[in-house]
Amino acid sequence: MSLKAGIVGLPNVGKSTLFNAITKKHILAANYPFATIEPNVGVVTVPDTRLDYLVDLYNPKSIVPTTFEFIDIAGLVSGASNGEGLGNKFLAHIREVDAIVEVVRCFDDENITHVEGKTDPIRDIEIINTELILADLEIALNRLGKIEKKAETTKDKEALLEVGALRKVKDNLEKSIPLRSVEFNEDELLVVKNFNFITLKKVIYVANVDEISASLGDNDYSLKLKEYAEKEGSSVIVMCAKMESELADLDEEEKKIFLQDVGISNSGLDKLIFATYDLLGLATFFTSGTDECRAWTFRRGMKAPQCAGIIHSDFEKGFIKAEVMSFNDLREAGSEIKVRENGKLRLEGKEYIMQDGDICYFRFNV
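These notes cover the structure that comes with them. Values in this document were obtained by computation on a predicted structure and should not be read as measured data.

Parameters at a glance
Residues numbered from 1 in each chain as written. Predicted model: local features only at pLDDT ≥ 70, side-chain atom pairs only at ≥ 80, totals over all residues. Heavy atoms only, no water. Helix = DSSP H or I, 4+ residues; strand = E, 2+ residues; numbered from the N terminus. Buried < 20%, exposed > 50% of the residue type's maximum accessible area, 1.4 Å probe, protein only. Areas by Shrake-Rupley, 256 points an atom, 1.4 Å probe, with all protein chains shown as cover. Pairing = 2+ DSSP bridges. Axes fitted to C-alpha atoms, helices over the stretch in contact; angles between N-to-C directions. Core = buried A, V, L, I, M, F, W, Y, C linked by side-chain atoms within 4.5 Å. Expected span 1.5 Å × (residues − 1). Bend = angle between axes of the 7 residues up to and from the residue. Phe/Tyr/Trp six-rings, centres within 6.5 Å; stacked < 30°, edge-to-face > 60°. Lys NZ or Arg CZ within 6 Å of the ring centre and 35° of its normal. Parallel < 35°, antiparallel > 145°, perpendicular 65-115°, else oblique. Contact = heavy atoms within 4.5 Å. Nonpolar A, V, L, I, M, F, W, Y, C, P; charged D, E, K, R; others polar. Left-handed = near helix turned anticlockwise from the far one by under 90°. Salt bridge = Lys/Arg side-chain N within 4 Å of Asp/Glu carboxyl O.

Describing the overall build of the chain
And step 1. When helices and strands are counted, the chain shows 15 helices and twelve strands.
And step 2. Put simply, the chain has 366 residues, and 48% of those count as buried.
And step 3. By element, 48% of the accessible surface of the chain is carried by carbon and sulfur atoms, the whole surface being about 18400 Å².

Rendered as structure tokens:
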């Protein structure tokens, strides 16, 4: 399952530095706008101690963790929706992601230019929100201009539903309300999703603070950002992108010592990865054995045949049953044999809703 989170923000807020840390790649991170023009893509491993346990238990020939993509998208500027900077190109890249990670500058540094002159996280968010709202509004208005009169003339049910949904989109965007904050019914949502509106995507804010604030947990800027995010139901991860980039070059033991020295329990990157995974409504099931231990990403609410289809489409087409044991039952029992003896190995059918941490063997026939 290919899933993407796009890193956005104004120029020089720390997006590319954060991306360097996330992917352990070293791309251009220059102190001037538009250092990033083409989006940089990095595959991120989701840390999971459950997979580590399975590896120790089965000693497999192959280990495959679950992953998703972070995409570093070049900085937006005021007027991007009208093509300012490299706006139209940037907006097109944002439309392709599943969720948005918005990096917000929450530090002062006279050596790093701020495109708006001074640090103001709320102003920066509103600049980006305005550009994304205007970009979505243009799409809604263009489509309404093409179908509104025809729908009213023909009275076609589907066309009228589309017009009604797009009018709702238009009315809210004109009030500067992002679509993720609007309640749509099931039919409206099916219509709206077809247009890939940017402001419908869920958002996590990254408060990029200085090293001292990272160890303390907050500063005045990040507290303002948290207050803003709470009102719209979004979450905030506080971190120092520069420090995370330095951490990325250390091995696990050195990383633990570094974090202890600065008084941080978990790296900001791990928090961001887990938060993004959770934001998208994702979970993990496993397949395990001596040949391979592998973590698979699925959306919460998916049934067993759909999850089998993530492995291979033939598994879904010919799905018969799934042999399932929970990770907790395996860890408690200590071995697969003990799970069977304890009666905790289950045979599940087509209506079974997969749970996070399920360990599965799919029976199928094509």
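With respect to the sheet that holds strand 2 (residues 40-45)
The pairing of strands in a sheet comes from backbone hydrogen bonds and takes either a parallel or an antiparallel form.
And step 1. Read across the open sheet, the six strands follow the order 2-4-1-5-6-7; overall the sheet is mixed. Looking at strand neighbours, the two that pair on one side only are strand 2 and strand 7 (235-239), the edges of this open sheet. Looking at each pair of strands side by side, their axes are set apart by 25 degrees on average, direction ignored.

Considerations on the pairing of strand 9 (residues 292-299)
Two faces make up the sheet, and in a regular strand the side chains alternate between them.
And step 1. In the sheet, strand 3 (residues 62-64) pairs with strand 9 via three bridges, with the strands oriented parallel. The residue bridging I63 from the neighbouring strand is C293, located in strand 9.
And step 2. Here strand 8 (residues 282-287) runs beside strand 9; their pairing, made up of six bridges, is antiparallel. Of the residues in strand 9, the one forming a bridge with T287 is R294.
And step 3. Here strand 8 folds back onto strand 9, and the loop between the two strands holds four residues.

Here we look at the nonpolar core
And step 1. Membership of the largest hydrophobic core comes to 59 residues, with the highest contact counts inside it found for L18, F70, Y205 and L272.
And step 2. The element best represented in this core is helix 11 (residues 268-279), accounting for six residues.
And step 3. With 19 residues, the next largest nonpolar core counts L137, I147, A165 and V191 among its residues.

A short note on helix 4 (residues 121-154)
And step 1. For helix 4, built from 34 residues, the straight-helix expectation of 50 Å at 1.5 Å per residue is met to within 8% by its first-to-last C-alpha distance of 48 Å.
And step 2. At I147, helix 4 shows its strongest bend, of approximately 40 degrees.

Quick word on the packing of aromatic side chains
And step 1. For the structure shown, the criterion picks out eight aromatic pairs.
And step 2. Aromatic pair Y53 and F327: ring centres 5.4 Å apart, planes at 85 degrees, arrangement edge-to-face. With a gap of 274 residues between them, Y53 in helix 2 (residues 49-58) and F327 in helix 14 (residues 327-333) connect regions that are remote in the sequence.
And step 3. Of the residues examined, F327 reaches a relative accessible area of 4% and is grouped as buried.
And step 4. Every member of this aromatic cluster is reached through a ring pair, and the members are F285, W296, F298, F319 and F362.
And step 5. The lysine or arginine in question, R294, covers the ring of W296, its NZ or CZ lying 4.0 Å from the ring centre.

Observations regarding the packing of helix 4 against helix 8 (residues 220-232)
How two helices pack is summed up by the angle between their axes together with the distance between the axes.
And step 1. Put simply, helix 4 and helix 8 touch, their axes get as near as 9 Å, and they point 45 degrees apart. As judged from the angle between their axes, helix 4 and helix 8 are oblique. On helix 8, the residues touching P121, I122, I125, E126 and N129 of helix 4 are Y221, K224, L225 and Y228.
And step 2. Residue composition of the contact of helix 4 with helix 8, grouped by class: six nonpolar, one polar and two charged.

Quick look at the pairing of strand 5 (residues 99-105)
And step 1. Of all seven residues in strand 5, seven are buried; the element is thus mostly enclosed.
And step 2. Two strands pair when backbone bridges link them, and strand 1 (residues 4-8) and strand 5 are joined in this way by four bridges, in the parallel orientation. Directly across from V8, in strand 5, lies its bridge partner E102.
And step 3. Here strand 5 pairs with strand 6 (residues 202-208) via seven bridges, running parallel. The partner of E102 across the bridge, within strand 6, is Y205.

Examining the environment of M354
And step 1. In this fold, M354 is placed in the loop between strand 11 (346-348) and strand 12 (358-364).
And step 2. On the accessibility criterion, M354 (3% relative accessible area) is buried.
And step 3. Each C-alpha atom of the pair M354 and T284 lies 9.2 Å from the other, and the pair is 70 residues apart in sequence.
And step 4. With residues up to four places along the chain from it excluded, the contact list for M354 reads F285, F298, M302, K303, A304, C307, C360 and F362.

Side note on the packing of helix 4 against helix 5 (residues 157-174)
And step 1. Close contact between helix 4 and helix 5 brings their axes to 9 Å; oriented N to C, the two are set at 145 degrees. At the point where helix 4 passes helix 5, the crossing takes the left-handed sense. Here I133, D136, L137, A140, L141, R143, L144, I147, E148, A151 and E152 of helix 4 come into contact with helix 5, specifically with A159, L160, E162, V163, L166, R167, V169, K170, L173 and E174.
And step 2. Taken together, the residues of the contact of helix 4 with helix 5 break down into 13 nonpolar, no polar and eight charged.

What about the pattern of salt bridges?
Pairing of side chains with opposite charge becomes possible as their charged atoms draw close.
And step 1. Counted according to the given criterion, the structure contains 20 salt bridges.
And step 2. Measuring nitrogen to oxygen at the nearest pair gives 2.9 Å for the salt bridge that ties K226 to D218.
And step 3. On the basis of relative accessibility, which here comes to 31%, the residue K226 falls in the partly exposed class.
And step 4. Of the residues examined, D218 reaches a relative accessible area of 24% and is grouped as partly exposed.

Some remarks on the environment of E174
And step 1. In this structure, E174 sits in helix 5.
And step 2. Exposure remark for E174: the relative accessible area of 47% places this residue in the partly exposed category.
And step 3. In this structure, the C-alpha to C-alpha distance between E174 and I133, residues 41 residues apart in sequence, is 8.3 Å.

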